[in-house]
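A closer look at the structure
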Amino acid sequence: ATLPVAATTNPAPPLPIPRPKPAPKALFTLEPVYYLAKKPGMLMTNLGASGQIVFREDGVGFVFDELSKLSEDRAKCTHDGAIFIPLAELQAAFVRDQKTLGSRPTMFFVVLEPKPGSEAYTRLRPLLTDEGSLMFTVRGMMQRGQVASYFARNAAQQF
């Protein structure tokens, strides 16, 4: 036996709730990475402060593992133990191999140069080298190509 279908009035569909724009997506992360407070010399005895670099659609960030390894003026530049530079505020960004005479590179540098006068440059000044760049060292060469292509892809549109 079939049951009679009750006549129903469909309620009006709920109004769409405006959704916040999704947060910029993290494309990939490198770790362990070391922030270098000074430009590396011939012998690198101090690896610097460890952490991870996060490459996002809208810029590059670095999350420090331990702020205690930074001087007080450098630690003040971080927000919740991290720093971030929007792509639009970068003047240059590139990778450079760490070459040791007669051997293949075993690490590379990630160099970020905020535009002088930009908000990022001013905010991060105590973390920058004398030349005005942030420098990180990455052990191993596996992700070098991924970083280089990220910079190449974004450099054309941004800096």
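Attention here is on the structure that accompanies the text. Because the structure is a prediction, the values reported are computed rather than measured.

1. A few points about the overall build of the protein chain
Broken down by element type, the protein chain carries three helices and seven strands. Taken from N to C terminus, the helices and strands of the protein chain fall in the order β-β-β-α-β-β-β-α-β-α. When the 159 residues of the protein chain are sorted by exposure, 35% land in the buried category. Relative to all contacts within the protein chain whose residues are 6 or more apart in sequence, the contacts with residues 24 or more apart total 61%.

2. Quick notes on the side chain of S118
By the element assignment, S118 lies in the loop between β6 (107–114) and α2 (119–124). A distance of 3.1 Å separates a polar side-chain atom of S118 from the backbone nitrogen of Y121.

3. Re the pattern of salt bridges
Tallying each qualifying case throughout the model produces four salt bridges. For R144, the salt bridge identified is with D97, shortest N-O distance 2.5 Å. Linking R144 in helix α3 (residues 144–157) with D97 in strand β5 (residues 90–98), this pair joins segments that are 47 residues apart in sequence. Between R123 and E119 there is a salt bridge whose closest N-O contact spans 3.0 Å. One end of the pair, R123, and the other, E119, are both in helix α2, four residues apart, so they sit about a helical turn from each other. The partly exposed category is assigned to E119, whose relative accessible area is 46%.

Criteria and thresholds
Residues numbered from 1 in each chain as written. Predicted model: local features only at pLDDT ≥ 70, side-chain atom pairs only at ≥ 80, totals over all residues. Heavy atoms only, no water. Helix = DSSP H or I, 4+ residues; strand = E, 2+ residues; numbered from the N terminus. Buried < 20%, exposed > 50% of the residue type's maximum accessible area, 1.4 Å probe, protein only. Contact = heavy atoms within 4.5 Å. Polar contact = N/O pair within 3.5 Å; in protein donor to acceptor, adjacent residues only side chain to side chain. Salt bridge = Lys/Arg side-chain N within 4 Å of Asp/Glu carboxyl O.

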